[in-house]
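Results of the structural survey
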Amino acid sequence: MDEQLKSKAYDPKAIEEKWYSFWLENDCFKPSEDTSSPVFSIVIPPPNVTGSLHMGHALNATLQDILARYKRMRGYRVLWLPGTDHAGIATQNVVEKQLALENLNRHILGRDAFIERVWMWKKQYGGHIIHQLKKLGASCDWSRERFTLDEGLSRAVREVFVSLFEEGLIYRSQRLINWCPRCFTALSDLEVEHEEIQGKLTYMRYPFEDSSSFIVVATTRPETMLGDTAVAINPKDGRYVSHIGKMIKLPLTGRTIPVIADQQVDPAFGTGAVKVTPSHDFNDEAIAKRQNPVLPFISVIGQDGKMNINAGRRYTGLDRYECRKLVVADLKDKNLIEKEESHKHSIGHCYRCKTVIEPLSTVQWYVKVDTLASNAINVVKNEQVRIIPDGWKNNYFAWMQDIKDWCISRQIWWGHQIPAWYCPDCTLEGGTSQGENIYVALTHKINGIREGRYKELASCGISHKEIISNAKNIRVGTSVRPITGMVDPTVCPTCGSVNLLRDQDVLDTWFSSALWPFSTLGWPDHTDDLKAFYPTSVLVTGFDILFFWVARMVMMGIKFMKDVPFRDVYIHALIRDEKGQKMSKSKGNVIDPLLMIDKYGADAFRFSLAAFAAQGRDIRFSEERVEGYRYFINKLWNASRYIRISIDKYSTRQIETIEDIMSEFEGVDSVSLKLPERWVLSRLAQAAGNTSKGLEEYRFNDAASAIYQFIWHELCDWYIEFSKTSFEQEASDGKNQKLALKCLLYVFGHALKLLHPFMPFITEELWGMYCQTCKTISKTNFPDQLIVDIEAEDRIQYVIDCISGIRSIRGELNISPSKPLNAMIRTSSHAANSNLTKNYDYIKNLARLETLEISDVIEKPRGAAASVKTGMEIYIPLSGLFNVKTELERLEKELKKTNEAINQTNKKLLNEDFVINAPKTVVEKEKERYEEYIAKRDKIMTNINNMKELET
RNA sequence: AGGCGCGUAGCUCAGUGGUAGAGCGCUACCUUGACACGGUAGAGGUCAGGGGUUCGAUACCCCUCGUGCCUACCA
């Protein structure tokens, strides 16, 4: 006797690892060699290499795995390509934290040594999330695993960069950007999270130069007043128009600044007068640039978030927030604070470290996105890319139409260093040397100088080589021409100088992620994989990266592959905790998927995620439901035990393999089958159809519930119970065909296949129990084109109604299930009579009857409980332990229900408009219902009267 | 401020222009030969509120309330 027959409970731990290794060893996850098959390909949205699996990943991977496994069983050539991205800022942060523990920092190490160090870290910890995906059962082709900093992917990045630059779609520009003073880098607009906070609005008095009076401005950032270069008012604002052009003596600084006019100023907000700090506020930058001449830009805050020398000696070196306090205090001393009021406003935070971002004016690299974006809009409009559910289309369009140029340079070291070089020896049009516009800060003093223009350093006798190897920071003005190319240049193509400096910045990680759908397949080479698997079939992802990836992948795909990167985009929900809160480390409400797998098994966890994944809604994770699906697996396990026990009991021959039995059974003519067998085959067909339909339409929850419903409430609740009778009948009928046993195996085998994409482990385990030599269930065909048998469904449904009627009487009168009953059924139609008679044994056994009489001439016995159904009346004589009062109550309740139904139906039928306007079929149906209920009511009333006689 | 979504059983959620559903929980009875991680039978819902369209609305439209998210340059 083997393990299953002994164990009444399923233990996932024992088998999951075994089967995962088995699949790997047998190359089950690699695309088939058969190039004539249709192709289905998915690239995984690469998780951060620093990451560990969270619920979002688990859901994402589970859905992809379900699709991949399903399509494999459908005969597709499936590629699911895994990998991770290098997560520039996040990874660098992690390693820098490590260094800090050793009292080191990246500048001490130097760039090369630092990068070496990050690679070491990646080698040691980077496989973490991949390992977790395997625990989940993900059927990725691990032989094709990629990383955004791979040699091949880096070549793709370079190719794209150079090509976009040469086309003028990549350029450098000095403007305000979002700067994270902690990560010390620029961020794109998307990487800034806005959060509403309760702040203060400070009203400050700015006196006019002539001290005649003052103008009051309101601000949330008093410290920036040190960099103000104007006060703006709306040109239509009568209160202030006369002030336009007047000069203000800016407090604390001694500078004078003008009052200017600008349309954007809202007279209704604050005082209607706005201080303008072009260097530290995006609005103010725009106002400054609209003025003629342009307002001066005075930067008072440095990259470290501290005030710089321009802020004045008193404030230099203070943190922005310290300085704010001091400025307000100083103004108060001078009686220049009018008031402070509390004020709600939203401010930007770094998405990696949550530090408040600082707008700073710097030179950065940008991608010009307008034409790329409009193409990306078109392919969604004309459905070359489908977004599912399509509610997200609007968000996509809205974002795309409003898109601004993408800042792609980051001031960090971990990533793809920008392939651009500068020549300090070339001469600009005006005759000045480019070296005048390259500013170098050295790590230490050389020849008495620590920082300065390249030309200055060179003239102090510092060699080019020394400059490069000791540079801490190199800033290059926008007037300096970048040199780029697929090969690192060694000489300047213009002047022949060999003194080239490489751009220090790296590219945004998302820049390489945007190429993922084709760079992972080998582009820019024309590989077989690229030909076979691009465009990919579907991208499965959460909406939070719709813009980060989907949009950018579409742009890059169209641009470089001349085709969209994927046909479908399936956007799944975000997983929240039971209270609907977003899971986050800081809230401490994170549920670790691996914990769930440990506790309930990967199958139960996966199935829960699929069942949760209704379209267009967030998911509140509920552990209780996971537990519920573990029970479901246990149910399946025990159904299998029943089957194996039955085989032992009824099969005289050697056990055949499940594959043989299933194919043999396929040849059986349904005419030779009894109704329960025909019924379960039909229900299987329906379940298979619904499961496929759900998966094809990305309605994972529908697919999951179709298979759940079938296995538990049809196969187990009814067919297995019917089969007990069928087996006995076949054992005694002398033919020894064992059709029912084969049918059960056939249906069970198909059910396992239907379930396999959701629950790969248990289904493989059970499948294997019926055949040591068969191929893995993952390589069988998904059930398809099974036959629906409506007649069998209707007839068995009638039998089920009959059995339920008897069970109701038992249940409601509180009669023990073990007490055998005698039942009489009076039928009122030939069809009913013949149907029930044919299924006599099934009714008798499933309703636990001692005797059963079916006839159309039955006289209702005295003292019997009754149940009235369409076409039949069921009587259970209960002399002795019969409680008249209880039975009366039961009948009264039934009568009430029936009367309500009659009223409802009657109301409709009396409504002429309904009869005239409603479709004929609906009216007919309603009439039938009415008749049925009337007949039922009459019978119930008769029974009630009988009962009352008995009572007296 | 705009845009999007959600409000259905005690809880978590499906769903549909024509009889309101699931899982968990609850009640009663049952160690019946696959399964107590189980079986059988029950209880429980003005489908947020108000208006409109319709023969008929939980579903379609409008408004209100509640709630969540995204976008925005009100200093």
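What you are looking at is a predicted structure, and each value in this text was computed from that prediction instead of being measured.

**Considering the domain arrangement of chain A**
Once the domains are mapped, chain A shows domain 1 (3-162 + 510-612), domain 2 (178-363), domain 3 (419-504) and domain 4 (883-952). For domain 2 versus domain 3, the separation of C-alpha centres amounts to 35 Å.

**A look at the nonpolar core**
Ranked by internal contacts, the top residues of the largest apolar core, which has 220 residues, are Tyr396, Phe511, Met556, Phe621, Phe700 and Phe758. Core analysis: the second largest hydrophobic core is formed by 27 residues, Tyr206, Val217, Ala273 and Ile337 among them.

**Details of the sheet that holds strand β31 (residues 864-869)**
Taking strand neighbours across the sheet as the criterion, the four strands line up as β30-β29-β32-β31 in an open arrangement whose pairing is mixed. Edge strands, defined here as strands with exactly one partner in the open sheet, are β30 (849-855) and β31. Strand after strand, the sheet turns through a mean of 15 degrees between neighbouring axes, direction not considered. Across four bridges, the pairing between strand β29 (residues 821-827) and strand β32 (residues 872-877) is antiparallel. Note that in β32 the partner of arginine 826 across the bridge is glutamate 873.

**Side note on the packing of helix α21 (residues 623-650) against helix α25 (residues 739-755)**
As a packed pair, α21 and α25 sit with axes 11 Å apart at the nearest point and diverge in direction by 155 degrees. As the angle between them shows, α21 and α25 are arranged roughly antiparallel. The two elements α21 and α25 meet at a crossing, and its hand is left-handed. The segment α21 lies against α25, with Phe632, Leu636, Ala639, Ser640, Tyr642, Ile643, Ser646, Ile647 and Tyr650 engaging Leu741, Leu744, Leu745, Phe748, Leu752 and Leu755. Tallied by class, the residues present in the contact of α21 with α25 amount to 13 nonpolar, two polar and no charged.

**Brief notes about the packing of aromatic side chains**
Per the stated rule, a full pass over the model turns up 44 aromatic pairs. Considering the side-chain rings of tryptophan 23 and phenylalanine 29, the 6.1 Å spacing of their centres and the 50 degrees angle between planes classify their relative orientation as tilted. Of the residues examined, phenylalanine 29 reaches a relative accessible area of 4% and is grouped as buried. Between the aromatic rings of phenylalanine 607 and phenylalanine 632, the centroid separation amounts to 5.6 Å while the plane-to-plane angle is 35 degrees, which identifies the pairing as tilted. One end of the pair, phenylalanine 607, is in helix α20 (residues 602-612); the other, phenylalanine 632, is in helix α21, with 25 residues separating them in the sequence. Summarising the burial analysis for this pair, phenylalanine 607 and phenylalanine 632 share the class buried. Taken together through their ring pairs, the aromatic side chains of Phe607, Tyr629, Phe632, Tyr708, Trp712 and Phe758 make up a single cluster. Directly above the aromatic system of tryptophan 23 lies the positively charged group of arginine 69, at a separation of 4.4 Å from the ring centroid.

**Regarding the pattern of salt bridges**
When the charged atoms of two side chains with opposite charge come close together, those side chains can pair. A complete count under the given rule lists 55 salt bridges for this structure. Here lysine 531 and aspartate 528 are joined by a salt bridge, their closest N and O atoms 3.9 Å apart. With lysine 531 and aspartate 528 both in helix α17 (residues 528-533), this residue pair falls three residues apart, about one helical turn. The pair formed by lysine 531 and aspartate 528 is uniform in burial state, with each residue classed as exposed. Between arginine 678 and glutamate 791 there is a salt bridge, with its nearest N and O atoms 3.3 Å apart. Separated by 113 residues along the polypeptide, arginine 678 in helix α23 (residues 675-696) and glutamate 791 in helix α27 (residues 790-812) bring together distant segments of the chain. One network of salt bridges, in which partners are shared, links Arg221, Glu223, Arg320, Arg324 and Glu358.

**Looking at helix α3 (residues 55-73)**
What sets the pattern is the α-helix's 3.6 residues per turn: residues three or four places apart point alike. Along its 19 residues, α3 runs 27 Å from first to last C-alpha, staying within 8% of the 27 Å computed at 1.5 Å per residue. Counting buried residues in α3 gives 17 out of 19 residues, a clear majority hidden from the surface.

**Quick notes on the packing of α20 against helix α26 (residues 760-769)**
For any two helices packed against each other, the geometry is given by the interaxial angle and the distance between the axes. Interaxial distance between α20 and α26 falls to 7 Å at its minimum, and their mutual angle equals 130 degrees. Taken as axis vectors, α20 and α26 run oblique relative to one another. When α20 is examined against α26, the residues Ala602, Asp603 and Arg606 are found in contact with a partner set consisting of Pro760, Phe761 and Ile762. Of the residues assigned to the contact of α20 with α26, the class counts are four nonpolar, no polar and two charged.

About the criteria used
- In every chain, residue numbers begin from 1 and rise along the written sequence.
- As they are written, the chains are lettered A onward and the ligands numbered 1 onward, keeping that order.
- Totals for whole chains, interfaces and linings use every residue, but because this is a predicted model, local features are given only for residues with pLDDT of at least 70 and side-chain atom pairs only at 80 or more, for both listing and counting.
- Each side-chain value is worked out from all heavy atoms of the structure, with water and hydrogens disregarded.
- Domain start and stop positions are those given by an automatic or database domain assignment.
- Residues grouped as a nonpolar core are buried Ala, Val, Leu, Ile, Met, Phe, Trp, Tyr and Cys residues, joined through side-chain atoms within 4.5 Å.
- For every residue, the accessible area (1.4 Å probe, protein chains only) is compared with the maximum for its type, and the residue is labelled buried under 20%, exposed over 50%, or partly exposed between those bounds.
- DSSP calls a pair of strands paired once it identifies at least 2 bridges connecting them.
- Put simply, DSSP marks the helices as runs of H or I at least four residues long and the strands as runs of E at least two long, and each gets a number from the N terminus on.
- For helices, the axis comes from a line fit to the C-alpha atoms of the stretch in contact; other axes are also lines fit to C-alpha atoms, and the angle between any two N-to-C directions lies between 0 and 180 degrees.
- Small angles under 35 degrees read as roughly parallel and large ones over 145 as roughly antiparallel, with 65 to 115 read as roughly perpendicular and the rest as oblique.
- Crossings are assigned a handedness: left-handed for a near helix turned anticlockwise from the far helix by less than a right angle, right-handed for a clockwise turn.
- Pairs of residues are marked as contacts when any of their non-hydrogen atoms sit within 4.5 Å.
- Nonpolar residues are Ala, Val, Leu, Ile, Met, Phe, Trp, Tyr, Cys and Pro. Charged residues are Asp, Glu, Lys and Arg, and all others, Gly as well, are polar.
- By convention, a stacked pair of Phe, Tyr or Trp rings (six-membered ring in the case of Trp) has centres within 6.5 Å and planes under 30 degrees apart, an edge-to-face pair has planes over 60 apart, and any other such pair is tilted.
- The rule for a charge over a ring is simple: NZ of Lys or CZ of Arg within 6 Å of the ring centre, and within 35 degrees of the ring normal.
- Salt bridges, as used here, are contacts in which a Lys or Arg side-chain nitrogen is within 4 Å of a carboxyl oxygen on Asp or Glu.
- What a helix should span is 1.5 Å times the count of its residues minus one.

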